[in-house]
Amino acid sequence: MDKGVLIHKEKIGRWLKAAGIRAVKTMAQTAAATIGTAAVLKDVDWMMALSASLLAGLLSLLTSVAGLPELKTE
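Please read all numbers here as calculations on a predicted model, not as lab measurements. (Residues numbered from 1 in each chain as written. Predicted model: local features only at pLDDT ≥ 70, side-chain atom pairs only at ≥ 80, totals over all residues. Heavy atoms only, no water.)

Draft legend 1. View of helix H2 (residues 46–64). A rise of 1.5 Å per residue sets the reference length of H2, with its 19 residues, at 27 Å; its end C-alpha atoms lie 27 Å apart and thus fit the reference within 8%. Three or more residues of H2 are buried, namely Ala 49, Ser 53, Ala 56, Gly 57, Ser 60 and Ser 64. Down the axis, H2 shows its buried residues gathered within 100° of arc, on one side only. Of the residues in H2, the exposed ones pointing more than 90 degrees away from the buried face are Met 47 and Leu 62. Considering only its buried residues, H2 is in contact with helix H1 (3–40). (Helix = DSSP H or I, 4+ residues; strand = E, 2+ residues; numbered from the N terminus. Expected span 1.5 Å × (residues − 1). Buried < 20%, exposed > 50% of the residue type's maximum accessible area, 1.4 Å probe, protein only. Arc of directions from axis to C-beta. Contact = heavy atoms within 4.5 Å.)

Printed below as a string of C-alpha coordinates:
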(Lines give C-alpha, C1' and ligand atoms only; values in the text may rest on other atoms or scores of the structure.)
Protein backbone atom coordinates (compact mmCIF):
# COMPACT_ATOMS: atom_id res chain seq x y z
CA MET A 1 0.00 0.00 0.00
CA ASP A 2 1.18 3.52 -0.79
CA LYS A 3 2.67 5.47 2.14
CA GLY A 4 0.49 8.48 1.32
CA VAL A 5 -2.65 6.37 1.60
CA LEU A 6 -1.57 5.07 5.01
CA ILE A 7 -0.90 8.59 6.27
CA HIS A 8 -4.30 9.73 4.97
CA LYS A 9 -6.07 6.82 6.71
CA GLU A 10 -4.21 7.63 9.93
CA LYS A 11 -5.34 11.28 9.76
CA ILE A 12 -8.93 10.22 9.15
CA GLY A 13 -8.75 7.83 12.09
CA ARG A 14 -7.41 10.55 14.40
CA TRP A 15 -10.11 12.95 13.22
CA LEU A 16 -12.88 10.39 13.74
CA LYS A 17 -11.64 9.63 17.24
CA ALA A 18 -11.32 13.30 18.25
CA ALA A 19 -14.66 14.29 16.67
CA GLY A 20 -16.38 11.28 18.24
CA ILE A 21 -15.06 12.10 21.71
CA ARG A 22 -16.13 15.71 21.31
CA ALA A 23 -19.61 14.67 20.11
CA VAL A 24 -20.11 12.24 23.02
CA LYS A 25 -19.08 14.93 25.52
CA THR A 26 -21.49 17.39 23.91
CA MET A 27 -24.30 14.83 24.05
CA ALA A 28 -23.62 14.13 27.73
CA GLN A 29 -23.61 17.83 28.56
CA THR A 30 -26.87 18.37 26.69
CA ALA A 31 -28.52 15.40 28.38
CA ALA A 32 -27.40 16.57 31.82
CA ALA A 33 -28.71 20.08 31.21
CA THR A 34 -32.00 18.91 29.69
CA ILE A 35 -32.72 16.29 32.34
CA GLY A 36 -31.57 18.58 35.16
CA THR A 37 -33.80 21.42 34.02
CA ALA A 38 -36.78 19.13 33.53
CA ALA A 39 -36.22 17.48 36.91
CA VAL A 40 -36.49 20.87 38.61
CA LEU A 41 -39.85 21.25 36.88
CA LYS A 42 -40.70 17.65 37.93
CA ASP A 43 -41.52 16.61 34.37
CA VAL A 44 -38.69 14.85 32.53
CA ASP A 45 -39.60 14.21 28.89
CA TRP A 46 -37.11 11.44 28.11
CA MET A 47 -37.79 11.46 24.37
CA MET A 48 -37.11 15.19 24.20
CA ALA A 49 -33.91 14.80 26.24
CA LEU A 50 -32.70 11.99 23.94
CA SER A 51 -33.66 13.93 20.82
CA ALA A 52 -31.89 17.09 21.99
CA SER A 53 -28.77 15.10 22.93
CA LEU A 54 -28.62 13.31 19.56
CA LEU A 55 -29.09 16.58 17.69
CA ALA A 56 -26.32 18.19 19.75
CA GLY A 57 -24.02 15.27 18.89
CA LEU A 58 -24.79 15.57 15.18
CA LEU A 59 -24.19 19.32 15.24
CA SER A 60 -20.91 18.74 17.06
CA LEU A 61 -19.76 16.36 14.31
CA LEU A 62 -20.76 18.82 11.61
CA THR A 63 -18.93 21.63 13.41
CA SER A 64 -15.85 19.42 13.67
CA VAL A 65 -15.66 19.29 9.88
CA ALA A 66 -14.41 22.88 10.03
CA GLY A 67 -11.48 21.71 12.14
CA LEU A 68 -10.53 20.42 15.54
CA PRO A 69 -8.07 22.48 17.56
CA GLU A 70 -6.87 19.39 19.41
CA LEU A 71 -5.48 17.95 16.15
CA LYS A 72 -2.22 19.48 15.06
CA THR A 73 -2.16 20.56 11.43
CA GLU A 74 0.87 19.63 9.43
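Draft legend 2. Just the packing of H1 against H2, in detail. It is the contact of H1 with H2, at a shortest axis distance of 8 Å, that shows an interaxial angle of 150°. Classified by the interaxial angle, the pair formed by H1 and H2 is roughly antiparallel. Of the two elements, H1 crosses H2, and the hand of that crossing is right-handed. Here Trp 15, Ala 19, Gly 20, Arg 22, Ala 23, Thr 26, Met 27, Thr 30, Ala 31, Thr 34 and Ile 35 of H1 lie close against H2, whose contacting residues are Trp 46, Met 48, Ala 49, Ala 52, Ser 53, Leu 54, Ala 56, Gly 57, Ser 60, Leu 61 and Ser 64. Class assignment for the residues of the contact of H1 with H2 results in 13 nonpolar, eight polar and one charged. (Axes fitted to C-alpha atoms, helices over the stretch in contact; angles between N-to-C directions. Parallel < 35°, antiparallel > 145°, perpendicular 65-115°, else oblique. Left-handed = near helix turned anticlockwise from the far one by under 90°. Nonpolar A, V, L, I, M, F, W, Y, C, P; charged D, E, K, R; others polar.)

Draft legend 3. Here's a closer look at H1. Given a rise of 1.5 Å per residue, 38 residues ought to cover 56 Å, and the 56 Å separating the end C-alpha atoms of H1 matches this to within 8%. Every buried residue of H1 is listed here: Ala 18, Ala 19, Ala 23, Thr 34 and Ala 38. On its buried side, H1 packs onto H2. Where H1 terminates, the next one or two residues include Lys 42, which has phi positive at roughly 60°.

Draft legend 4. The arrangement of the environment of Ser 51 in detail. Of note, Ser 51 is situated in helix H2. It is 9.9 Å that separates the C-alpha atoms of Ser 51 and Met 27, two residues lying 24 residues apart in sequence.

Draft legend 5. Representation of the pattern of salt bridges. Summed over the entire model, instances satisfying the criterion amount to two salt bridges. Between Arg 14 and Glu 10 there is a salt bridge; the shortest N-O distance is 3.2 Å. A residue pair is termed a helical-turn pair when its members lie 3 or 4 positions apart in one helix, as Arg 14 and Glu 10 do in helix H1 at four residues. Residue Arg 22 is joined to Glu 70 by a salt bridge in which the shortest nitrogen-to-oxygen separation is 2.7 Å. (Salt bridge = Lys/Arg side-chain N within 4 Å of Asp/Glu carboxyl O.)

Read these as geometric descriptors, not functional statements.
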